[in-house]
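Fold and contact review
What follows is each chain in one-letter form.
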Amino acid sequence: METAGMEQDVLVAERRMLLDRLEEQPADALLALIALCDADPRPEKIDVGVGVYRDAAGNTPILRCIKAAEHILLQSQKTKAYLGSQGDAHFVELIKPIVFGDATAADDRIVGVQTPGGCGALRLGAELIAAADPDARIFVGQPTWPNHQPLIGRAGVNMVDHPYYDRDSREIRFDAMMEALRGARAGDLVLLHGSCHNPTGADLDLDQWRAIADLVSERGLIPFVDLAYQGLGNGLEADAAGTRLVVEAAEQALVAQSCDKNFGIYRERTGSLFVKGQNARIAALAFGNLLSLARTMWSMPPDHGAAAVRIVLSDPELRADWRVELDEMCRRIRTIRARLAAFDPRLEYIGRQNGMFSMLPLSPDAVLALRKSHGIYMAGSGRFNVVGLSDDGVERFAAAVTEHLPDV
């Protein structure tokens, strides 16, 4: 009996030790920054760390078209029953031509599913890649969005870094990028930012996109495009031009798309993943695998955001109003960029970039000094949200950061 009791004690101890075996995880830098900013009592503090659109007064509004769509949804929705792992199929059908162009609406080589935001799309795409090839490699330009590594790498896809942007010179390292991609093997993937590069704001021009498309076709590479900010750079069509070039050039491709930013529905987590196969049979095979993988991850994606977007895109008046509001957001971003660029020659490059983010060539000590002295909260890398600035904060922000910028 004593032996049995000792064995029971060992079993209990082992059960209690399960969670103790976990390793400490570093705090998420952005979430920690948000907490620091929230705790700062200074009324003049500036938060350019969080990646959300803000209006002239510094607020993140709900779009008129979304409010109207939600009212329609409230009055017309008859059930909360499951939609299935594909999500809202009509939502996906309406997003497809926005991403790829009207001519591809009926292209059966491109299939798609709804996902929980762009993050869900990236992870689902990575899981599909790993299921198809456990030894798959994806080439990733540096710097990139910090969450790309955990979303894609932890799915088991081998990530190969290559140069993309030099923070000190404020230039894309395109020649170095192309040299690295020429070393890719047939079947390797290339992670590309469709527009409004995060974290730098430095986008490829159309000639550079064409060069990449030619290389993709020549070497049999597979583009995996992260299209999170379509419409917030140079307009809805212009921001999809590069994506369309490389997808057309490739036999197979993946595109992770997000509605969170261009519809202003951040907390609704609304996105989609599209996969192109070389023919309809391969696309259908990929689609079946997407459903199976999604079932094991989130089973069914949340419905509300996709339903609201579907209503907006299905109603001609609401769709037109969305385009007006999207263009207004785009113009505001460009206006803030122009004001920063005009403030000091060392900020001039910001006016040539696109989207919500740019990167300042600041040391971590300088970033900390700005936080302490001016209440300016940004990532330690110098990445800041251009449109995180209210109208009356632009010059104050510019004056503070230029105190710490090196000469050009």
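Higher on the page you've got the structure.
A few points on the structure. As a convention, each chain's residues are numbered from 1 in the sequence order in which they are written. Local features in this predicted model are restricted to residues whose pLDDT is 70 or higher, and side-chain atom pairs enter the listing and the counts only when it is 80 or higher, whereas totals over whole chains, interfaces and linings include all residues. The basis for the side-chain values is all heavy atoms of the structure; hydrogens and waters are excluded.

Read across the sheet, seven strands follow the order β2-β10-β9-β8-β7-β3-β4 without closing on themselves; strand pairing throughout is mixed. Edge positions in the sheet fall to β2 (110–116) and β4 (158–163), since each of these pairs with one other strand and no more. Strand-to-strand twist of the sheet, defined as the mean angle between neighbouring strand axes without regard to direction, takes the value 20°. Pairing geometry for strand β3 (residues 137–142) and β4, over six bridges, is parallel. Across the sheet, V140 pairs through a bridge with D161, a residue of β4. Only strands joined by at least two bridges in the DSSP assignment are considered to pair. Only DSSP runs of H or I with at least four residues qualify as helices, and only runs of E with at least two residues qualify as strands; both kinds are numbered from the N terminus onward. Whenever a helix is involved, its axis is fitted only over the stretch in contact; in every case the axis is a line through C-alpha atoms, and angles between N-to-C directions fall within 0 to 180 degrees.

Contact geometry of helix α11 (residues 304–314) with helix α12 (residues 316–343) gives a least axis separation of 5 Å together with a crossing angle of 100°. One finds that α11 runs roughly perpendicular with respect to α12. Where α11 approaches α12, its residues I311, V312, L313 and S314 are matched on the opposing element by P316, L318, R319 and W322. Polar here means any residue outside two lists: the nonpolar Ala, Val, Leu, Ile, Met, Phe, Trp, Tyr, Cys and Pro, and the charged Asp, Glu, Lys and Arg; Gly therefore counts as polar. Of the residues belonging to the contact of α11 with α12, the class tally is six nonpolar, one polar and one charged. Should an angle fall under 35 degrees it is called roughly parallel, over 145 degrees roughly antiparallel, and 65 to 115 degrees roughly perpendicular, with every other angle called oblique. We call two residues in contact whenever any of their non-hydrogen atoms come within 4.5 Å of each other.

Another point: helix α10 (residues 280–297). Multiplying 1.5 Å by the helix residue count minus one yields the expected span of that helix. The end-to-end C-alpha separation of α10 is 26 Å, in line with the 26 Å expected for 18 residues at 1.5 Å each. Note on exposure labels: buried denotes an accessible area under 20% of the residue type's maximum, exposed denotes more than 50%, and partly exposed covers the range between, all computed with a 1.4 Å probe on protein chains only. All of the buried residues in α10 are I282, A283, A286, L290, L293 and A294. Taken end-on, α10 shows its buried residues confined to a sector of 105°, consistent with a single buried face. Counted as exposed and oriented over 90 degrees from the buried face of α10: R281, L285, R295 and T296. Taken together, the buried residues of α10 touch β2, α5 (117–132) and β10 (270–276). Any pair of nitrogen or oxygen atoms within 3.5 Å is treated as a polar contact; in protein, a donor-acceptor pairing is required on top of that, and neighbouring residues in sequence qualify only through side-chain atoms on both sides. At the N-terminal boundary of α10, the capping side chain belongs to N279, with an oxygen 3.1 Å from the backbone nitrogen of R281. Directions from the helix axis toward the C-beta atoms define the arc.

Okay, the nonpolar core next. Remark: nonpolar core denotes a set of buried residues (Ala, Val, Leu, Ile, Met, Phe, Trp, Tyr, Cys) joined through side-chain atoms within 4.5 Å. If you look at the biggest cluster of nonpolar residues, it comprises 89 residues, and the most contacted ones within it are W322, L340, L360, M378 and F397. In contact with W322, other than residues within four places in its own chain, are L63, C65, I98, L236, N262, F263, V312 and L313. Counting 30 residues, the second largest nonpolar core, distinct from the first, contains L122, L128, F224 and L273.

Before going further, it helps to examine the packing of aromatic side chains. Between the rings of Phe, Tyr and Trp (Trp by its six-membered ring), a pair exists once the centres lie within 6.5 Å; its type follows the angle of the planes, with under 30 degrees stacked, over 60 edge-to-face, and the other angles tilted. Taken as a whole, this structure holds four aromatic pairs when the rule is applied. On the basis of an interplanar angle of 85° and a centroid distance of 5.3 Å, the ring pair of F100 and F274 is categorised as edge-to-face. Taken together, the positions of F100 in helix α4 (residues 89–100) and F274 in strand β10 put the pair 174 residues apart, joining distant regions of the chain. When its relative accessible area of 1% is taken as the criterion, F274 is described as buried. Ring centres 4.3 Å apart and planes at 5° place the aromatic pair F263 and W322 in the stacked group. Within this pair, whereas F263 is found in the loop between β9 (253–258) and β10, its partner W322 is found in helix α12, the two being separated by 59 residues in sequence. When sorted by exposure, F263 lands in the same class as W322, which is buried. Positioned over the ring face of Y229 is K261, at 5.2 Å from the centre of the ring. Whether a charge lies above a ring is judged from NZ of Lys or CZ of Arg, which has to be within 6 Å of the ring centre and within 35 degrees of the ring normal.

Time to look at the pattern of salt bridges. By salt bridge we mean one thing: a side-chain nitrogen of Lys or Arg within 4 Å of a carboxyl oxygen of Asp or Glu. All chains considered together, the criterion is met by 17 salt bridges. The closest approach of N and O atoms between D40 and R42, which form a salt bridge, is 2.7 Å. A relative accessible area of 8% means that D40 is categorised as buried. Two residues, R123 and E127, come together in a salt bridge whose shortest N-O distance is 3.0 Å.

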